[in-house]
Amino acid sequence: MPILVRAAEREDVPALVRLRLANAERHVQLDPAIYRVPDVETVRRHFEEVLAAETKVLILVAEAVGEVVGMVEVVLLADPPDHQILAPRRAAEIHTVVLDGHRGEGVGAALLKAAERAAAERGVLIIYAGIFASNTGAVRFYSSAGFEPRGTLLSKAQGAPSTD
C-alpha cells in the first residue's frame, strides 16, 4: 500500500482532530492518571491556529488509499537562555500518531523519516520523543528508528498547598 506523506493543510483539520482523540483514548487506556481526552473544540482550534499561522510546529500527515491515517508534529524548541549551562543546539520534540487499523504498515516509519528530513531542513540537530515508560509500544517504535535514552527525567507528585 503506497503511503503519501505531505504537509498538513486546513482541510485536514477534521482528520487531525480524529487522530489526536484516538491517540488520547489509547493513552488513557495506558494510564488514566497521566493522560486525558481533551475537549474536541479545543483540539480543533489548536490545529486551525497552527495551520493558519507561522508557528514553531510543523505537522505532516500520512495518506493511505486517499485517507489521512497518521500524523507527526515537530515542535521546535527554544534554545536555552544564555545564563543556562546547556549548550545551544537547535532541537525539536516529535509526536507521531497512526490510527490503530494502520499500525505495522510502515505509516509511522514514513512519517518519522519525513519529519526528520523536515527538521534537518530547519537546522534541527536533535529530536526528542518524550515517552512515559509504560508506553512500551512507543518506546519500541522510536528505539527501532534509532532514538536512544538521553538522560533521565525524574518527577515527584506534589500535593495541594497547605492552608496553614
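Residues numbered from 1 in each chain as written. Predicted model: local features only at pLDDT ≥ 70, side-chain atom pairs only at ≥ 80, totals over all residues. Heavy atoms only, no water.

**So, the packing of helix 1 (residues 13-30) against helix 2 (residues 40-52)**
Between helix 1 and helix 2, the least distance of the axes is 9 Å, while the angle of their chain directions is 130°. Taken together, the axis directions place helix 1 and helix 2 in an arrangement best described as oblique. The chirality of how helix 1 crosses helix 2 is right-handed. Contacts between helix 1 and helix 2 involve Val13, Leu16, Val17, Arg20 and Leu21 on the former and, on the latter, Val40, Val43, Arg44, His46, Phe47, Glu48 and Leu51. When grouped by side-chain class, the residues that make up the contact of helix 1 with helix 2 number eight nonpolar, one polar and three charged. (Axes fitted to C-alpha atoms, helices over the stretch in contact; angles between N-to-C directions. Helix = DSSP H or I, 4+ residues; strand = E, 2+ residues; numbered from the N terminus. Parallel < 35°, antiparallel > 145°, perpendicular 65-115°, else oblique. Left-handed = near helix turned anticlockwise from the far one by under 90°. Contact = heavy atoms within 4.5 Å. Nonpolar A, V, L, I, M, F, W, Y, C, P; charged D, E, K, R; others polar.)

**Considering helix 3 (residues 107-121)**
The end-to-end C-alpha separation of helix 3 is 21 Å, in line with the 21 Å expected for 15 residues at 1.5 Å each. When helix 3 is considered as a whole, its buried residues turn out to be Val107, Gly108, Leu111, Leu112, Ala114, Ala115, Ala118 and Ala119. Buried residues along helix 3 sit in contact with strand 1 (3-7), strand 2 (57-64), strand 3 (67-77), strand 4 (91-98), strand 5 (126-128) and helix 4 (136-144). Backbone geometry just downstream of helix 3 places Gly123 in the positive-phi region, at approximately 85°. (Expected span 1.5 Å × (residues − 1). Buried < 20%, exposed > 50% of the residue type's maximum accessible area, 1.4 Å probe, protein only.)

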